[in-house]
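# Close look at the chain arrangement
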Amino acid sequence: MFGVASRRVLNSAAPAYASSSNGLISLISMRCMSSIPSTMKAAVVREVGDAHALKVETDFPTPEMKPGQVIVKNEYAGINFIDTYHRKGLYPRDLPFVGGQEGGGTVAAVSDEAAAQGIKVGDPVAYSVFGSYAQYTAVPAAKLLPVPEGVGLDVATSCVVQGLTAHYLTSSAHADLIKEGEWCLIHGVGGGTCQWAAQMAKLRGFKVIGTCSKGKADIAKTLGCDELIVLDEVPGASYEDYESVDIVARVMEVTDGKGCKAVIDGIGKSTMDISINSLAHRGIFISFGNASGAVPAFPVLRLIGKSAYVTRPKLLDYTVDRAELVSRADEIFGWLKEGKLNVSVDRSFPLEEAAEGHLYLEAGKSKGKVLYKID
């Protein structure tokens, strides 16, 4: 890897630096660390399955840097539910693959194209591309988020998938069908993404009803929800007992019988009926996750009673180019620096405990972001 990067720098820079060996050495040091190994530690899936299908290997090939990319030396990788869907095969990927799609660290090598954009070795960055459960990841320069001074790499890494997801859910996915002062129902505000979403919805001026389990009520109470519905827990599950309280009745009571203009639902199968029945007229059901299982098919005619809307969005469609990605990240980082967002990093597992990190998330134990710390 270092040899390839060095040859690229030497070949492209030779005319300008032919008379100065010190100039060559200086340029090489700016473009590539001298310590990038040919193999690395990574958490790899070779066969889909339970959490133990995620195996830590110490001799996995370090990715090659292609034109327009950088190599990031990871310090953290985020653990997200979508990673468990890939591991299980629910969302198929070519095998074998390095897990994860959210990371943060420092730039270790820079292509000519990335250098032309001002990216330098040593820059602190966060990103979302496949393969973050590893010591090194090749990342397109267009996918990099520069981490501003005053924001820790653990917090910045937490922002990339969960923060950006919460941002598009509360700013765009509702298609402006909810306005300031109107009600929004958000399920699972005691967990990662919806902790962000509850706070962002309040920043947008919405009135928020949140649901959470009794075990996460302490965290949920700090988020500023106008109404919090506390549910019994489902032992060993990543979601609450949504039959322990009549949520629809409580929603209608709180909203004076009108319902919610938007429902943000990452729970899935267990909450689909609750979400649809909690909608106001011309409200929108935003289904973005499957914590309790995938939402089953249902007839569109079911929406006619309230002329309701439904959407099943994903982050990639709300970060379609660098301008949109950076715009969302800038607003999030701004809120963080102003103290308007509180990010809870619940626990950091060493990468060697890759399976344990997935088990922890799937068991519903997290009260915030769960990360891998990578040495």
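This report concerns the structure included in the present document. Keep in mind the model is a prediction, meaning the values are calculated, not measured.

### Remarks on empty space enclosed by the protein
Unoccupied space between atoms shows up once a probe the size of one water molecule is rolled over them. For the structure on display, the rule yields one cavity of 30 Å³ or more. Here the largest cavity is characterised by a volume of approximately 40 Å³. Lining the largest cavity, in full, are Q162, G192, Q195, W196, N342, V343, S344, G368 and K369. At three residues, helix α6 (residues 192-203) tops the list of elements feeding residues into the lining of the largest cavity.

### Details of the layout of surface pockets
If you add up the space inside the largest pocket, you get close to 1100 Å³. In this structure, the largest pocket is lined by 49 residues; those nearest its centre are N80, I82, V161, T165 and F288. Counting only elements with at least two residues in the lining of the largest pocket, the list comes to α3 (81-88), α5 (153-171), α6 and α10 (322-337). Within the lining of the largest pocket, the residues separate by chemical class into 24 nonpolar, 18 polar and seven charged.

### Points about the sheet that holds strand β13 (residues 279-287)
Across the sheet, which stays open at both edges, the six strands sit in the order β11-β10-β9-β12-β13-β14 with parallel pairing between neighbours. The two strands at the open ends of the sheet, each matched to only one other strand, are β11 (227-231) and β14 (309-311). Across the sheet, the mean angle separating the axes of adjacent strands is 15° when strand polarity is ignored. Pairing between strand β9 (residues 183-186) and strand β10 (residues 207-213): four bridges, direction parallel. The partner of C184 across the bridge, within β10, is V208.

### Concerning the sheet that holds strand β4 (residues 97-98)
Strand order in the open sheet formed by three strands is β2-β1-β4, and the pairing between neighbours is antiparallel. If you trace the sheet from one side to the other, it starts and ends with β2 (54-61) and β4, each paired once. The pairing of strand β1 (residues 39-45) with β4 spans two bridges and is classified as antiparallel. From the neighbouring strand, V44 faces β4, where its bridge partner is V98.

### Notes on the state of the cysteines
In the structure shown here, the tally under the stated rule is zero disulfides. Lacking any disulfide linkage, C225 is separated from the closest cysteine sulfur, that of C212, by 8.1 Å. Here C225 falls in the buried class, since its relative accessible area comes to 19%. Not part of a disulfide, C260 finds its nearest cysteine sulfur in C184, a span of 6.9 Å. Accessibility expressed as a relative area gives 0% for C260, which makes it buried.

### Some remarks on the nonpolar core
With 47 residues, the main nonpolar core has L164, I186, V189 and I332 as its most contacted residues. Of all the secondary structure elements, the ones that give two or more residues to this core are α5, β9, α6, β10, α7 (217-220), β12 (260-265), β13 and α10. With nine residues, the single largest contributor to this core is α5. Membership of the second largest hydrophobic core comes to 28 residues, among which are F60, M65, A108 and Y360.

### Points about the packing of aromatic side chains
Scanning all chains against the criterion turns up four aromatic pairs. Seen from their ring centres, Y133 and Y372 are 4.8 Å apart, and the 85° between their planes marks the pair as edge-to-face. Taken as a pair, Y133 in the loop between β6 (124-127) and β7 (136-140) and Y372 in strand β16 (residues 369-373) lie far apart in primary sequence, 239 residues in all. Taking the centre distance of 4.6 Å and the plane angle of 5° together, the rings of Y168 and Y318 count as stacked. Of this pair, Y168 sits in helix α5 while Y318 sits in the loop between β14 and α10; the two residues are 150 residues apart in sequence, bridging distant segments of the chain. Grouping residues by exposure puts Y168 and Y318 together as buried. We note R93 situated over the ring of F97; from NZ or CZ to the ring centre the distance is 4.2 Å. Note that R347 overlies the ring of Y360, its terminal NZ or CZ placed 5.2 Å from the centroid.

### As for the packing of α5 against α6
With their axes 8 Å apart at the nearest point, α5 and α6 run at an angle of 45° to one another. Here α5 is positioned oblique relative to α6, judged by the angle of their axes. In terms of crossing hand, the pair formed by α5 and α6 is right-handed. Listed contacts from α6 to S158, C159, Q162, G163, T165, A166, H167 and T170 of α5 are G192, T193, W196, A197, M200 and A201. The residue makeup of the contact of α5 with α6, split by class, is six nonpolar, eight polar and no charged.

Rules and cut-offs
Residues numbered from 1 in each chain as written. Predicted model: local features only at pLDDT ≥ 70, side-chain atom pairs only at ≥ 80, totals over all residues. Heavy atoms only, no water. 1 Å grid on protein atoms, 1.4 Å probe; cavity = no way out; pocket = protein on both sides within 12 Å on 5 of 7 lines; lining within 4 Å. Points joined across faces, edges and corners; volume = space filled by probe spheres on them. Helix = DSSP H or I, 4+ residues; strand = E, 2+ residues; numbered from the N terminus. Nonpolar A, V, L, I, M, F, W, Y, C, P; charged D, E, K, R; others polar. Pairing = 2+ DSSP bridges. Axes fitted to C-alpha atoms, helices over the stretch in contact; angles between N-to-C directions. Disulfide = S-S within 2.5 Å. Buried < 20%, exposed > 50% of the residue type's maximum accessible area, 1.4 Å probe, protein only. Core = buried A, V, L, I, M, F, W, Y, C linked by side-chain atoms within 4.5 Å. Phe/Tyr/Trp six-rings, centres within 6.5 Å; stacked < 30°, edge-to-face > 60°. Lys NZ or Arg CZ within 6 Å of the ring centre and 35° of its normal. Parallel < 35°, antiparallel > 145°, perpendicular 65-115°, else oblique. Left-handed = near helix turned anticlockwise from the far one by under 90°. Contact = heavy atoms within 4.5 Å.

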